[in-house]
Amino acid sequence: MQAQLLVRQVEWFGEESATVTLDSGEATVEVFSHLGSYRQGDKVDNLLQILDGELVAAALADWPDDDAADELQNMGSYRYRGTGRVVDSERGLVAVQGFCIEFGQTYLTGRVEFTIDRLDLYPND
């Protein structure tokens with residue numbers, strides 16, 4: 001998983017909010033951003049947050065990682081569902097298709113299924 005993501009597109013609505021399209025090199029996602037100052041071509045840290053979401057153990061958790069592919073499906077309006085793997089239980093970091101998404105502390109390890117009500121990119125410094 002790479003340390004930074006590429007900003008492909010920024011669509012502003014209102015004065016302070018935008019839809020930002022990010023590219024991990026494996027996939028793209030559209031995220032909500034408030035008070036950011038992003039522009040096309042920028043690089044941002046590979047750490048996305050969620051407004052609300054859920055992690056559950058994957059039904060195929062006992063299968064080898066080689067047999068299960070990460071999945072990230074856009075459900076519209078910054079909503080996603082999919083499968084990935086927990087890379088840090090204490091912070092609830094999940095890796096999926098080149099993205100690192102922070103869910104918050106979890107007891108889960110290995111493969112997980114998730115839903116995300118809103119995927120966010122916190123403002124850059």
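Relevant structure appears above.
Residues numbered from 1 in each chain as written. Predicted model: local features only at pLDDT ≥ 70, side-chain atom pairs only at ≥ 80, totals over all residues. Heavy atoms only, no water.

(A) Highlighting the packing of aromatic side chains. Applying the stated rule across the entire model yields three aromatic pairs. Arranged with centres 6.2 Å apart and planes meeting at 45°, the rings of F13 and F32 form a pair that is tilted. Of the two residues, F13 sits in strand 1 (residues 4–13) while F32 sits in strand 3 (residues 28–34), which places them 19 residues apart along the sequence. What makes F32 buried here is its relative accessible area of 14%. One aromatic cluster in this structure is built from F13, F32 and Y78. (Phe/Tyr/Trp six-rings, centres within 6.5 Å; stacked < 30°, edge-to-face > 60°. Helix = DSSP H or I, 4+ residues; strand = E, 2+ residues; numbered from the N terminus. Buried < 20%, exposed > 50% of the residue type's maximum accessible area, 1.4 Å probe, protein only.)

(B) Summary view of the nonpolar core. With 28 residues, the main nonpolar core has V20, L22, V29, L48, F99, I101 and L119 as its most contacted residues. Contributions of two or more residues to this core are made by strand 1, strand 2 (17–23), strand 3, strand 5 (48–50), strand 8 (79–88), strand 9 (93–96), strand 10 (99–102) and strand 11 (110–116). Among residues more than four places away in sequence, those in contact with V29 are V20, T21, L22, L48, L72, Y80, F99 and L119. (Core = buried A, V, L, I, M, F, W, Y, C linked by side-chain atoms within 4.5 Å. Contact = heavy atoms within 4.5 Å.)

(C) Spatial organisation of the environment of D120. Structurally, D120 is set in strand 12 (residues 119–120). Distance from D120 to D52, taken between C-alpha atoms, is 10.0 Å for residues 68 residues apart in sequence. In contact with D120, not counting residues within four places along its chain, are V31, F32, L48, Q49 and L51. At 2.7 Å, the side chain of D120 forms a polar contact with the side chain of R118. (Polar contact = N/O pair within 3.5 Å; in protein donor to acceptor, adjacent residues only side chain to side chain.)

(D) A look at the pairing of strand 9. Residues L93 and A95 of strand 9 are buried on one face, and the alternating residues V94 and V96, pointing to the opposite face, are buried as well. Note: strand 8 against strand 9, three bridges, orientation antiparallel. Counterpart to R85 in the pairing with strand 9 is A95. Linking strand 8 back to strand 9 in an antiparallel pair, the connection comprises four residues, with G92 at a positive phi of about 70°. Relative to strand 10, strand 9 runs antiparallel, the two being bridged by four bridges. Bridging across to strand 10, V94 finds its partner in I101. The hairpin formed by strand 9 and strand 10 contains two residues between the paired strands, and Q97 there has a positive phi angle of roughly 45°. (Pairing = 2+ DSSP bridges.)

(E) Examining unusual backbone geometry more closely. In this structure, Y78 is a non-glycine residue whose phi angle is positive, near 70°. One can find Y78 in the loop between strand 7 (71–76) and strand 8. Accessibility expressed as a relative area gives 16% for Y78, which makes it buried. Positive phi, close to 45°, is recorded for Q97, a residue that is not glycine. By the element assignment, Q97 lies in the loop between strand 9 and strand 10.

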